[in-house]
Amino acid sequence: METKNYLAVKALYTDKTGKLSYELLNKDLIKFGHTSSRVRAMIANKESVEDIRTYIVGMKFRHLLGDKNLTDEEALAICAELDNESQKNIFRNLNEDIRQKLNAGKKGKTRR
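The present account deals with the structure reproduced in this document. (Residues numbered from 1 in each chain as written. Predicted model: local features only at pLDDT ≥ 70, side-chain atom pairs only at ≥ 80, totals over all residues. Heavy atoms only, no water.)

1. Quick word on empty space enclosed by the protein
Under the counting rule described, the total for this entry stands at one cavity of 30 Å³ or more. What lines the largest cavity is simply Ile30, Gly33, Val39, Ile43, Ile56, Leu94, Asp97, Ile98 and Lys101. Looking at the lining of the largest cavity residue by residue, the class counts come to six nonpolar, one polar and two charged. (1 Å grid on protein atoms, 1.4 Å probe; cavity = no way out; pocket = protein on both sides within 12 Å on 5 of 7 lines; lining within 4 Å. Points joined across faces, edges and corners; volume = space filled by probe spheres on them. Nonpolar A, V, L, I, M, F, W, Y, C, P; charged D, E, K, R; others polar.)

2. Let's talk about the packing of aromatic side chains
Given two aromatic rings, their pairing is described by the distance between the two centres and the angle made by the two planes. With the rule as written, the count across this model stands at zero aromatic pairs. Seen from the ring of Tyr55, Arg38 lies directly overhead, with NZ or CZ sitting 5.7 Å from the centre. (Phe/Tyr/Trp six-rings, centres within 6.5 Å; stacked < 30°, edge-to-face > 60°. Lys NZ or Arg CZ within 6 Å of the ring centre and 35° of its normal.)

3. Describing the side chain of Asn5
Structurally, Asn5 can be placed in helix α1 (residues 4–12). On the basis of relative accessible area, Asn5 is assigned to the buried category, the value being 19%. Once residues lying within four places of it in the same chain are set aside, the contact partners of Asn5 are Leu65, Leu70 and Ile78. (Helix = DSSP H or I, 4+ residues; strand = E, 2+ residues; numbered from the N terminus. Buried < 20%, exposed > 50% of the residue type's maximum accessible area, 1.4 Å probe, protein only. Contact = heavy atoms within 4.5 Å.)

4. Let's talk about the environment of Arg99
Mapped onto the elements, Arg99 comes out in helix α6 (residues 92–106). Sequence spacing of Arg99 and Glu81 is 18 residues, and the spatial spacing of their C-alpha atoms is 24 Å.

5. Topic: helix α3 (residues 37–44)
Buried residues of α3: Val39, Met42 and Ile43, and no others. Viewed end-on, α3 has its buried residues packed into an arc of 100 degrees, placing them on one side of the element. Looking at α3, the residues exposed on the side facing more than 90 degrees away from the buried face are Ser37 and Ala44. With a side-chain oxygen positioned 3.3 Å from the backbone nitrogen of Arg38, the residue opening α3 is Ser36. Immediately beyond the C-terminal end of α3, within one or two residues, lies Lys46, with a positive phi of roughly 55 degrees. (Arc of directions from axis to C-beta. Polar contact = N/O pair within 3.5 Å; in protein donor to acceptor, adjacent residues only side chain to side chain.)

Distances and angles like these do not, on their own, reveal function.
Here is the structure:
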């Protein structure tokens, strides 16, 4: 079921050929994660990849849609709709970036 929020997010991340660009979506979410002090705190606290990803996606989608009342569940429903269009995990790059940051902390390194 395509919701108006799903269609709005999809439109923002559609490339010149009219296809949903997972690379652009991930790049934008990773960029947001790198600038967020809350994400840095979550990484320092060794929160789960899923919790960090949910925070990033929820905050980014709320901002993009101009809907401060968008719940994490609604943001995840948009993600599920996006994921239905793909044969691969749409957040593979974002998950990998979060894992790298979490693992860097385990080794005593700090990355920016």
